[in-house]
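These are the residues of each chain, in order.
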Amino acid sequence: MRVTLRVLAGPYTGREFVFDQHDTFLIGRSESAHLYLPEDRFFSRHHCLLEIAPPRCFLRDLGSTNGTFVNGQKVSEAFLHSGDRIQGGQTVLEVEVQSDRTATTAALEMPTLTGPTLLFVECANCGRREQTEGSAANGPMTFLCEDCREELRRQPQPVPGYTTIKVLGRGGMGCVMLAREERTGNAVAIKTLLPEIPVTDQSLRRFMREIEVAKALDHPNIVRFISSGTNNGAVYLVSEYVEGSDAARLADAQGGRLPYGHAINIVAQALDALAYAHEKSYIHRDIKESNILVKGSAPDFTAKLTDFGLAKSFTQSGMSGITMAGDMAGTFAYMPPEQIKDFRNVRPTSDIYAIGMTAYSLLAGDTALDVGPKQDMAGTVKAIFENPIIPLRQRAPEVPVRVAEVIERALAKDPAQRWQSAAAMRTALMHSA
């Protein structure tokens, strides 16, 4: 499956942008945009953002001054289909969705707007048959109907070989359970992930392989993965159980922020974990307070980063929601500009930004961006790309000046201006503290 954006009118007439996996596409007058339109005053600097996970394509207007139009209708957001036209000012783009068979034909002939094949898929849990867009060449697909997704979120099924003790938490993608391994009797944590759209078995196997690779990360400040598999359409990941809480809940229990010493201790351990992982060429991509588990009591906390690489491998597999809602929306403010523009090719400095935002939040009880609690996605994107951060000491005056400088450097919009390694940031933080 692939999605092609073809420019029919405007400065880039004739140009094509082809997507065969999950990606984002930004349009506007900003130099950071994929479709850069500096001369067209109709466009805002960051006009609209497309999220593409073939065969699905979702458009979101980013609060533009003059609006984004699909087939002549002004929209704030819309799912796009083959043949739809996106327009703003002089520029018109046409969307084409192709199955593998259609794409092969198009390479030999003049392209035509032919939609993907409609296939029947069966829910892996209840057997209900539904139609989906796909290609016979994609092979078998794993699918969960909406009723089963809701039921499995509410009442997850036990995983073979493990006895469920209790549900620790639920989210848009699934849940986390405390369980006991029947063979050893050890307590473990099991995370279940529920596909939102039909995914090919090949994509699912690739996802499982990438998760298995995470076992290579052996560090006292990284949660150890034990195993993974599938059960009735749900993916499950088994990891060591960290008895305690996460940094987000610790902060919430103390009014939204942690005491200065506790926050620095937790961030320093997370930086130790990042330094180790980056040396082994692993990038986390989704650092936030809730992904730092904490056990023990102050001042002897042990902090452990969890979900290493999960954000990328989950979206690459095609299982993620495409509307940037739910779990992703909750962490969007922690993403640096370059990760929104090209999350598939982020570098360690993107993790530096996220850990800086995490440190800021633990100390100040809010993100560094000037966005309110009810800010929509469009406003958050504009703040990430354009707005300066609010100085840390303006919200947390008790933080030493040099510590604030270390954290604020991590939040530079230009990756070259940030700390270039987690080890360097940790050293600077500890010396400043």
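Our structure's up above, just so we're on the same page.
Residues numbered from 1 in each chain as written. Predicted model: local features only at pLDDT ≥ 70, side-chain atom pairs only at ≥ 80, totals over all residues. Heavy atoms only, no water.

**Observations concerning the packing of helix α5 (residues 260-279) against helix α9 (residues 348-364)**
No. 1: Packing of α5 against α9 brings their axes to within 10 Å, and their N-to-C directions diverge by 170°. Our classification of the angle between α5 and α9 gives roughly antiparallel. Across the interface between the two elements, Tyr-260, Ala-263, Ile-264, Ile-266, Val-267, Ala-270, Leu-271, Leu-274 and His-278 of α5 pack against Pro-348, Asp-351, Ile-355, Ala-359, Leu-362 and Leu-363 of α9.
No. 2: Looking at the contact of α5 with α9 residue by residue, the classes come out as 13 nonpolar, 1 polar and 1 charged. (Axes fitted to C-alpha atoms, helices over the stretch in contact; angles between N-to-C directions. Helix = DSSP H or I, 4+ residues; strand = E, 2+ residues; numbered from the N terminus. Parallel < 35°, antiparallel > 145°, perpendicular 65-115°, else oblique. Contact = heavy atoms within 4.5 Å. Nonpolar A, V, L, I, M, F, W, Y, C, P; charged D, E, K, R; others polar.)

**Side note on the nonpolar core**
No. 1: Formed by 68 residues in total, the largest nonpolar core has its most connected members in Ile-266, Ile-292, Ile-355 and Leu-392.
No. 2: Elements that contribute at least two residues to this core include exactly α4 (247-253), α5, β22 (292-295), β23 (302-305), α9, α10 (377-386), α12 (401-410) and α13 (422-432).
No. 3: With 11 residues, the single largest contributor to this core is α5.
No. 4: In this structure, Ile-292 is in contact with Ser-245, Asp-246, Ala-247, Ile-266, Ala-270, Ala-303, Lys-304, Leu-305, Ile-355 and Thr-358, ignoring residues within four places of it in sequence.
No. 5: Formed by 24 residues, the second largest nonpolar core is a distinct cluster that contains Val-3, Leu-35, Ile-52 and Val-97. (Core = buried A, V, L, I, M, F, W, Y, C linked by side-chain atoms within 4.5 Å. Buried < 20%, exposed > 50% of the residue type's maximum accessible area, 1.4 Å probe, protein only.)

**Side note on the environment of Ala-412**
No. 1: Examined against the element boundaries, Ala-412 turns out to sit in the loop between α12 and α13.
No. 2: Take Ala-412: its relative accessible area is 19%, and that puts it in the buried class.
No. 3: Not counting residues within four places of it along the chain, the set of residues in contact with Ala-412 comprises Tyr-353, Gln-417 and Arg-418.

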